[in-house]
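# A look at the structure
Take a look at the letters that make up each chain.
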Amino acid sequence: MFRKTIFWLHLTCGVCAGGVVLMMSVTGVLLAYERQIVDWADRDTAPPAQGTERQTIEQLLAAAQAERPGFQPQAITLRNDPSAPVTFAAGRAGALLVDPYTAAVREPEPKALRDFFEAVEGWHRWFNVSGEGRATARAITGYSNLLFLVLVVTGLYLWLPRVWKWPAFKTRLVFNRFATTGKARDFNWHHVFGLWSALPLAVVVATAVVFSFPWANALVYRSVGEEPPARGSPPGPPREGQRRGGGDANADAAATALAYDELFARAAAHGEWRTLTLSLPAAGSARFSVDEGNGGQPQRRHTLTLDAATGEVRAWAPFASQPAGQRLRIWIRFLHTGEALGIAGQTVAAIVSATTLLMVWTGLALAWRRLVLPLFRRPAGAGAP
């Protein structure tokens, strides 16, 4: 009786959430390597001619403001690559990329690529709905994530065969070449893909539930004995290019005793880094986000604060120094995409998203055969009138 109850719970959740899960899986695959693809597009800068000197950050900023009058960046990002452009980010006003040698200014390109990823992410989160309908769409994807988590948990139980013998386990562990009918093939594939993707899929779906519901987000903090932050406050440092602050960058440069190049040089000398992001304004204190990883590995993102006048270190706050609840919440953000574990983690997340497509297809096919096809079958013994 218990197994039968679990089966019908699994089947009901699958039928109710199958279409939405299918959409989120397709978009999840498309978003798997977004960071690397966009970063590759942004680095489309010709290598400098031999002997060409690198211009100062102040000169590059002046070029950006000449290209877009009134442009006031909130952050400056340098990559540990001499040919990479310098990024001046102004929050919602956008960003400008400036060639460090020629001071050529360009928008992040290609725009069509960014628009594509933005639309895919919109579908992934809320069917790309805007306006008042977004709350409803977000609720649908949120509850579908919750049903998906129930599917994963109940599926693990249903994977266990009724008879604990090796032949029964084998038909659920590996692809069965004797499964020649559609029903047998779908049953075999559903179980094989379900088992081998269960653990990473559980992580992907459980982290999505945290994003979907305030109570799940609060549970993350309370699990380590902390109170959740107030609604709307960020769980960690602002993302690159979205720093708080602002003000007149020229006035800030005048108020800073050390030039931006000197501040970045002091920050770079502090230790290993791949990107350095200076939050503006930097008068008094110069706050740097130091990223040693790929941009999506929270354990390799730290904060360095320098005295803007002398360049001396005022504070060094590695990721490990943050409160446990905040660290856990940031980990959850990047475990969902797999980025926290590097390219290998992203690949695993992409693979389980792809296998979910097959599990949804085979699951709905099995449900169709069980629930719908019998309605069209003529009762046994029934003949023509």
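You'll find the structure just up there.
My aim in this report is to walk through the structure given alongside it, one point at a time.

Each value, and the rule that gives it
Residues numbered from 1 in each chain as written. Predicted model: local features only at pLDDT ≥ 70, side-chain atom pairs only at ≥ 80, totals over all residues. Heavy atoms only, no water. Helix = DSSP H or I, 4+ residues; strand = E, 2+ residues; numbered from the N terminus. Contact = heavy atoms within 4.5 Å. Areas by Shrake-Rupley, 256 points an atom, 1.4 Å probe, with all protein chains shown as cover. Core = buried A, V, L, I, M, F, W, Y, C linked by side-chain atoms within 4.5 Å. Buried < 20%, exposed > 50% of the residue type's maximum accessible area, 1.4 Å probe, protein only. Patch = residues over 30% accessible without salt bridge, like charges linked within 9 Å, V, L, I, M, F, W, Y side chains within 5 Å. Salt bridge = Lys/Arg side-chain N within 4 Å of Asp/Glu carboxyl O. Lys, Arg positive; Asp, Glu negative; His and termini not counted. Charge placed at Lys NZ, Arg CZ, Asp CG, Glu CD. Polar contact = N/O pair within 3.5 Å; in protein donor to acceptor, adjacent residues only side chain to side chain. Pairing = 2+ DSSP bridges. Axes fitted to C-alpha atoms, helices over the stretch in contact; angles between N-to-C directions. Parallel < 35°, antiparallel > 145°, perpendicular 65-115°, else oblique. Nonpolar A, V, L, I, M, F, W, Y, C, P; charged D, E, K, R; others polar. Phe/Tyr/Trp six-rings, centres within 6.5 Å; stacked < 30°, edge-to-face > 60°.

### Things to note about the overall build of the chain
For the chain, the count of helices and strands is 13 helices and eight strands. Here the contacts in the chain between residues at least 6 apart in sequence split such that 62% fall between residues at least 24 apart. Carbon and sulfur atoms make up 63% of the accessible area of the chain, which totals about 20,800 Å².

### Digging into the nonpolar core
Grouped together as the largest cluster of nonpolar side chains are 29 residues, with contacts concentrated most on Ile76, Phe88, Tyr260, Phe264, Leu278 and Phe288. Counting residues per element, the ones that place at least two in this core are α3 (57-67), β1 (75-79), β2 (86-89), β3 (95-98), α11 (260-268), β5 (275-279), β6 (285-291) and β7 (301-307). Residue contributions to this core peak at five residues, all from α3. Every residue in contact with Leu278, bar those within four places of it in the chain, is listed here: Gln74, Ala75, Ile76, Tyr260, Phe264, Ala286, Arg287 and Phe288. The next biggest cluster of nonpolar side chains, apart from the first, holds 16 residues, and it includes Val204, Val205, Val352 and Val360.

### Side note on a positive patch on the surface
A contiguous patch of positive charge, built from Lys4, Lys183, Arg370 and Arg377, is present on the exposed surface. Relative to the helices and strands, Lys4 resides in helix α1 (residues 2-30).

### Overview of the pattern of salt bridges
All chains considered together, the criterion is met by 12 salt bridges. For Asp186, the salt bridge goes to Arg185, with nearest N and O atoms at 3.1 Å. Judged by its relative accessible area of 33%, Arg185 is partly exposed. Arg300 is the partner of Glu272 in a salt bridge, and the nearest nitrogen-oxygen pair spans 3.2 Å. You can see Glu272 sitting in the loop between α11 and β5 and its partner Arg300 sitting in the loop between β6 and β7, a full 28 residues away along the chain. Under the relative-accessibility criterion, Glu272 is labelled exposed at 51%. Note on Arg300: relative accessible area 27%, which makes it partly exposed. Each of Arg35, Arg333 and Glu339 takes part in one network of salt bridges that share partners.

### Section: the side chain of His336
For His336, the location among the structural elements is in helix α12 (residues 324-337). Only 2.9 Å separates the side chain of His336 from the backbone oxygen of Val204, close enough to count as a polar contact. Beyond its immediate sequence surroundings of up to four residues, His336 is in contact with His124, Val204, Thr207, Ala208 and Phe211.

### Description of the pairing of strand β8 (residues 313-317)
Bridge analysis of β7 against β8 gives four bridges, and the strand direction is antiparallel. Across the sheet, the residue bridging to Leu306 is Val313, located in β8. Taken together, β7 and the strand that follows it, β8, pair antiparallel across an intervening segment of five residues, in which Gly311 is found at a positive phi of about 80°.

### Here we look at the packing of helix α8 (residues 198-212) against helix α13 (residues 342-372)
Contact pair α8 / α13: the axes reach a minimum separation of 10 Å and the direction vectors enclose 95°. It follows from the interaxial angle that α8 and α13 lie roughly perpendicular. Facing α8, whose interface residues are Pro200, Leu201 and Val204, α13 presents Val348, Val352, Thr356 and Met359. Class assignment of the residues belonging to the contact of α8 with α13 gives a composition of six nonpolar, one polar and no charged.

### Some remarks on the packing of aromatic side chains
Enumeration over the complete set of coordinates arrives at 12 aromatic pairs. Both rings, one in Tyr143 and one in Phe213, keep their centres 5.0 Å apart while their planes meet at 70°; by these two values the pair is edge-to-face. Taken together, the residues span a long stretch of sequence, with Tyr143 in helix α5 (residues 133-159) and Phe213 in the loop between α8 and α9 (214-222) at a distance of 70 residues. With 5.5 Å between their ring centres and 25° between their planes, Phe213 and Trp215 make a pair best called stacked.

### Points about α9
One full turn of an α-helix is made of 3.6 residues, so residues set three or four places apart face in the same direction. Turning to α9, its buried residues number three or more, namely Ala216, Asn217, Ala218, Val220 and Tyr221. Buried residues belonging to α9 abut α8 and α12.

Bear in mind that shape data such as this cannot, by itself, settle questions of function.
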